[in-house]
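# Overview (structure and organization)
For reference, the chains in residue letters:
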Amino acid sequence: MAQVTTGTLVKVLCCMCGVPITPNASNTCPTCLASQSDVTKGISTEATLHQCRGCQRWHVDSGKWMACELESRDLMSLCLKNVNGLNKSSSNSESVRLVDAGWIWTEPHSMRLKVRLTVQKEVQVGTILQQSFVVVFIVRNQQCIECQAEFRQGSWKSLVQVRQRVGHKRTFLYLEQLILKHGAHRGTLNIETFRDGMDFYFPDKGKAARFITFLENVVPIKCKTSKKLIGTDDKSNISNFKYTNLVEICPLCKEDLLYLPAKTARNLGNISRLVLVKNVTNVIHLIDPLSGQTAQLSPEVYWRDPIRPIITAGRSRFTRYVVLGKEAVILERNVSKKSATRRNKEKLATLTVAKEDDLGVNDLQIEERSHVGYLMKAGDIAVGYDLVDVQLVDDEAEEARAAGKFPDVIMLRKLYGGAATNEIDATKQRMFKLQRLEADIVDASKAKKDKKDKENDEMDEEDFLREIEADKEMRLNMNLYKTEVAMKKEKEDAATEDDDDDDQQVRLDELLDGLVLDDGPDKDMGEVQIDEDLPWGGIYQ
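Computed from a predicted structure; not experimentally measured.

A separate point is the nonpolar core. If you look at soluble globular proteins, the nonpolar side chains tend to sit buried side by side. Residues Val160, Val162, Phe200, Phe211 and Ile468 are the most contacted members of the largest nonpolar core, which totals 37 residues. Every element with two or more residues in this core is listed here: strand 9 (158-163), helix 4 (170-182), strand 11 (197-202), helix 5 (205-218), strand 13 (238-249), strand 23 (432-436) and helix 11 (451-469). Ignoring sequence-local partners within four residues, the contact set of Ile468 consists of Phe432, Leu434, Met474, Arg475, Met478 and Leu480.

Printed below as a string of C-alpha cells:
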C-alpha cells in the first residue's frame, strides 16, 4: 500500500527583525520592507488647481480651460496630471505604477480636493511594494480670458442683433426659453433687450456664428453681416475687425390669421387660402381651422414673397366665447385635394358658442367647425377671432369676407385656470414658473419708462403664459418648474383623470421638481433669486 506524505510549509526568519515569514526574494517581512523603502518618495502630496470663479471652469494649460463637475472623471484626470513624480516615463525600471485613485469627500466650500492614490513599485528584484496615500489639491481662484473680457468696455468682437418687426414680445419670450433650454447663451459677454429685439455680444466670430446657426434651427430668419476695421498692423499684415450680424426673424407669429395668395395655396397641397399659423419653428406650420389640413411654409418661400397677416394675434383682437355644446365632424374624402391627417380629422368638431359679453343680453349663438373642438366641452371659455364685425387690412380678403366666404368665428384655444375666470391673481394660481435670462434692459426712456410700455410688457408675458398652458408641443421645448400651488396639489393628490380628451393642459409630470436651476458651469448657483411677486412666477439668474 502506497504511503502518502504531506508537505509542511517552510518558514524563514526575517533578516531584520527575526519574525517567521513566508520565504520571498528579499527574506524581509512587509513591515521592515516598508520601513526601509518608501514607494511614495518623489511624489508630491500637495498640488494647486486654478478655477475661474465666474464660469466655474478649471485651468488645464497654455490658457486652456475645461468645464467639469466635482468628483467627475475629467476632474480626476486633471488632478492626476498635476501630481509631480507620478507621470514618470514607464521605460524606467524604478517607475511608480498607479493602481487605484478615489475621491475623499470634502466640504464644497473648503477650497480643497482630496484624492486617495494607491501605487506600486518594485523595490527589489521580484519584490513589489504597494502603498496608499492622500494628495491634497488646493483650489485657487483665477479669472479666465473670457471672464476678464466681460469687465472691459468694448471687448466684444462680434455682435448679433436679433430683431422682429411686430408689436409684441411673445416671440422673444419663447426664444428666451429655447436659449435657456439648449444653453445657447453660454459664451456671451453681455445680453441687452429692447422692445423689438435682443443684442448678444460675443468675444469672437466663431461663437457668434454658432449662435446664428442655433437661431436658424429654431426660427425662420435672414441674416446680414457687416464688419468695421478697428486697427491694422502693416508690418505683420494683421487687421482687427468688429463684426455685426443683423438677424431678422419672420414677423409671422403663432395664431396669426393669413389669407394666402392663390398660387401659394396651390403649391402647399391645395390648402384653403384662409389659414392659421399653428406654430413657428425653422419652418412656418399652417393649419386650416375648418378642415384640419396642415402645410409647411419654408423660410425661403416666405422671404421671396412675404405674406402679411390679415389679423395679428393679440389680446385686443381676441374675443372671449362660452362653449355651449359640440358635435364631432366626419369629413368626406376629396381625392383631388390633399386630405387632413387622421390625427387632425379626429380633432375636428362643430362648436356651438356664444360671446361672453352677450350672455344675458341676447340669445345669439354661433355654430362653426374648429380644429381645437376636441378640447372643448360645455361651459369652457375660449378665445377666437370674430370675423363678422371686423375690418381686414387686405382688400382681397375683405371682399371675400363681405361676400360671406369666411366663417363667422375662428376658435384659437381654450383658456385654463384663472385666465378663464378673469381672476386678478391668475399668475399666482399657476402650477408652473419659468426661468428668465439675465439681460440688461436698454431703452431710450430707461430712466423713466412709460407706464404704457410696462403694461404692454406685462400683457405680453401673460399672453405668452396662456399660450404655454394651451400648447403641449410648445412646452416640450422649455423647462417648467413647480410652484407652491403644484406642490400642494401633488401632496393632496388632487390631480384626477379627466373624462374629456383634453391633452393640452399642464400636467404635474411635465414640471421639474427643483427650484434651484442649474445653468451649467458658467453660472454661480448662489446668484439664483426667486420672487413670487413677479408676473413670471419668477426665477431670475
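Before going further, it helps to spend a moment on the packing of helix 4 against helix 11. Axis separation between helix 4 and helix 11 bottoms out at 9 Å; the angle between their running directions is 60°. Looking at the two axes, helix 4 sits oblique to helix 11. The interaxial crossing formed by helix 4 with helix 11 has right-handed handedness. Here Arg170, Leu173, Tyr174 and Gln177 of helix 4 come into contact with helix 11, specifically with Asp460, Glu461, Asp463, Phe464 and Glu467.

Turning to the sheet that holds strand 10 (residues 190-193), a few remarks are in order. Pairing within the open sheet is mixed, and its six strands lie in the order 12-13-9-11-10-24. Every interior strand has two partners, whereas the edge strands, strand 12 (221-233) and strand 24 (440-441), have only one. Of the pairings in the sheet, the one linking strand 10 to strand 24 comprises two bridges and is parallel in character. Paired with Thr193 across the strands is Ile441, a residue of strand 24.

Attention now goes to the sheet that holds strand 21 (residues 381-386). One open sheet holds the five strands; their spatial order is 20-19-18-21-22, and the pairing between them is antiparallel. With one partner strand each, in any of the chains shown, strand 20 (366-370) and strand 22 (409-414) form the two edges of the open sheet. Across the sheet, the mean angle from the axis of one strand to that of its neighbour is 45°, orientation sign disregarded.

Pairing between side chains becomes possible if they bear opposite charge and their charged atoms approach one another. Across all of its chains, the model carries 16 salt bridges by this definition. Between Glu461 and Arg436 there is a salt bridge, and its shortest N-O distance comes to 3.8 Å. Note that Glu461 is positioned in helix 11 and Arg436 in strand 23, a separation of 25 residues in sequence. Taken together, the salt bridges that share partners define one network made up of Glu176, Arg436 and Glu461.

So, how was this worked out
Residues numbered from 1 in each chain as written. Predicted model: local features only at pLDDT ≥ 70, side-chain atom pairs only at ≥ 80, totals over all residues. Heavy atoms only, no water. Core = buried A, V, L, I, M, F, W, Y, C linked by side-chain atoms within 4.5 Å. Buried < 20%, exposed > 50% of the residue type's maximum accessible area, 1.4 Å probe, protein only. Helix = DSSP H or I, 4+ residues; strand = E, 2+ residues; numbered from the N terminus. Contact = heavy atoms within 4.5 Å. Axes fitted to C-alpha atoms, helices over the stretch in contact; angles between N-to-C directions. Parallel < 35°, antiparallel > 145°, perpendicular 65-115°, else oblique. Left-handed = near helix turned anticlockwise from the far one by under 90°. Pairing = 2+ DSSP bridges. Salt bridge = Lys/Arg side-chain N within 4 Å of Asp/Glu carboxyl O.

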